[in-house]
Amino acid sequence: MAGGLHAPLRPSSSSSSNHSFTAKLLLLLTLLPFTLAAFAFILQWRGGVTDPSTRYSSEDHKFPGMDSSPPTTTTTTTHHSKSDCGPLLSHLSPTFPYYRDWKFHYQTDLKPKIAITTSTSASLEQILPWMFFHKVIGVTTFYLFVEGKAASPEVSRVLESIPGVKVIYRTKELEEKQAKSRIWNETWLASFFYKPCNYELFVKQSLNMEMAIIMARNDGAEWILHLDTDELIHPAGTREYSLRQLLLDVPKNVDMVVFPNYESSVERDDIQDPFSEISMFKKNYDHLPKDTYFGMYKEATRGNPNYFLTYGNGKSIARIQDHLRPNGAHRWHNYMKTPNEIKFEEAAVLHYTYSKFSDLTSRRDRCGCKPTKEDVKRCFMLEFDRAAFIIASTATEEEMRKWYQEHVVWGDKALNLKLLRKGILTRVYAPMVIVQGLRESGIFTSIIESASKFLSKDKFLSSIESSNSTRPHDSIGSSRKMGKITESQATVRRVLQFTDAATNEVAVPPLPAPGVDDKQVLEW
């Protein structure tokens with residue numbers, strides 16, 4: 001009887017086995033997703049898996065420097081080891097549409113075709129990183145007007161071996177040709193003639209730009225930009241870190257676009273490689289709220305004559321078209337119309353000015369002015385350049401170092417943090433990473449080693465012969481020489497058919513950023 005009552009409650013061996021299997025299966029199905037998720041997390045954390053959505057999405061994974069918001073720390077970025085840069089570059093390579101293993105065999109398939117012209121006496125140590133950085137962001141053609149170190153045989157043969165590069169030497173023949181050029185016989189540049197140092201350089205740059213327009217047009221370039229070798233374009237504001245993409249988005253009716261400049265803010269006095277070591281920059285007035293700019297003006301200036309050490313009016317890029325002409329080193333113009341010009345809202349020119357302590361003496365050595373307040377006005381257009389020249393000409397090494405630390409180096413971390421939070425200062429890492437990646441790839445060494453194989457013996461000898469006529473004693477005062485050659489022509493200017501706008505437009509010099517005295521004018 002008792003056995004009969006309990007018999008139904010005792011499961012059979014078959015149902016017990018089924019129940020055990022079901023429980024194990026449910027447990028396995030529950031644990032499996034968690035196990036896979038944990039395994040994927042560990043792999044991704046160790047670098048074994050890259051999430052495609054983050055790899056290609058500019059919203060979720062921006063390249064360093066493309067984010068316009070300033071960081072909240074003042075950590076100083078110095079040299080990165082290969083172990084730091086290697087994985088970063090490989091992970092971020094899709095951000096560069098022209099990366100292609102740093103081979104740069106893409107000159108024919110890029111649209112639009114962009115040309116850069118420069119006048120330089122720099123060494124390969126500065127020119128090669130500058131040039132190949134711009135190749136990475138989409139520039140295909142370079143017109144290098146060289147003298148000094150840049151015109152020496154060992155440098156020029158390397159430059160001439162690089163595809164897309166044209167080297168033009170400052171020979172007597174070039175000066176005679178430019179003395180007969182159109183802009184030398186016009187009035188818009190005349191106020192800069194017959195003056196030394198920066199004024200002379202300004203005239204050379206303008207004359208070189210005039211020739212570069214013709215060469216760029218013959219080469220099928222669509223845009224032309226004048227840039228010094230201490231300046232890098234920062235094409236922020238696009239999904240790709242690309243100057244080409246930036247220009248593709250410019251409306252067809254726009255003739256020229258201005259890049260407001262950001263100025264390097266060095267945090268040490270021992271910088272050796274500015275492009276690889278500097279990440280902090282002071283923003284341009286055009287990229288700041290007026291209240292922030294003028295409200296923080298005194299703290300941002302730090303006792304210097306102006307908000308920026310040097311110029312503050314940026315550089316412009318021009319669409320190549322009929323009647324295009326330079327308008328000084330910072331702008332372009334057109335003989336037959338007032339160009340339609342706009343400014344980029346995020347993109348900028350990064351100006352690495354006085355970024356090395358040696359820049360003080362190198363500027364001094366290039367100019368033969370007396371170190372007096374009156375005489376330096378003949379040589380330099382901007383106040384800080386004048387003050388730096390006097391210090392470099394009259395002070396001891398120790399006094400120069402102290403002056404440099406007080407006026408150039410941003411050593412106050414509390415102030416830096418304050419200005420970073422306010423947006424006056426910003427961190428831009430993209431150029432640093434690109435240049436470091438280029439250097440680690442060995443491309444600079446490879447270019448130099450292969451240069452002798454690339455050039456024929458006749459071309460190499462020709463480069464030496466050309467460079468021999470560009471020694472410093474030949475180039476000093478060249479604009480004054482050209483003035484003597486064409487003195488009779490300059491007294492009677494050619495009659496040209498201009499619009500009123502083209503006639504009245506005066507060359508735009510390097511101008512300082514707005515000062516406190518300009519506040520009411522700007523508000524009005």
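Located above this text is the structure these notes cover.
Position numbers for residues count from 1 along each chain, tracking the sequence in the order it is written. Thresholds applied to this predicted model are a pLDDT of at least 70 for local features of residues and 80 or more for the giving and counting of side-chain atom pairs; totals over whole chains, interfaces and linings are not thresholded and use all residues. Side-chain figures throughout are based on the complete set of non-hydrogen atoms in the structure, without hydrogens or water.

A. Fine view of the pairing of strand β9 (residues 315-319). When accessible area is computed with a 1.4 Å probe and restricted to protein chains, residues below 20% of their type maximum are described as buried, those above 50% as exposed, and intermediate ones as partly exposed. Per the convention used, a helix needs a DSSP run of H or I reaching at least four residues, while a strand needs a run of E reaching at least two, with both numbered from the N terminus. Within β9, 5 of the 5 residues are buried, which leaves it mostly tucked inside the rest of the structure. The alternating pattern of β9 places Lys 315, Ile 317 and Arg 319 and Ser 316 and Ala 318 on opposite faces, both of which are buried. Relative to β9, strand β4 (residues 223-226) is paired through 3 bridges, and the arrangement is antiparallel. Across the sheet, Trp 223 pairs through a bridge with Arg 319, a residue of β9. By the convention used here, strands pair only if DSSP detects at least 2 bridges between them. Here 4 bridges tie strand β6 (residues 256-259) to β9, and the two strands are oriented antiparallel to one another. Bridge assignment links Phe 259 to a residue of β9, and that residue is Lys 315.

B. Fine view of the state of the cysteines. The rule for a disulfide is simple: a pair of cysteine sulfur atoms within 2.5 Å. Tallied over the full model, the rule gives 2 disulfides. What pairs with Cys 197 in a disulfide is Cys 367, and their sulfur atoms sit 1.5 Å apart. With Cys 197 in the loop between α7 (172-179) and α8 (198-218) and Cys 367 in the loop between α13 (359-366) and α14 (376-379), the pair connects residues that are 170 residues apart, well separated along the chain. Overall, the relative accessible area of 12% leaves Cys 367 in the buried class. The partner cysteine of Cys 369 in its disulfide is Cys 379, sulfur to sulfur 1.3 Å. Here Cys 379 lies in helix α14 and Cys 369 lies in the loop between α13 and α14, a separation of 10 residues in the sequence. Accessibility expressed as a relative area gives 10% for Cys 369, which makes it buried. For Cys 379, a relative accessible area of 0% gives the class buried. In the protein chain, the cysteines engaged in disulfides, taken in order along the sequence, are linked 1-2, 3-4.

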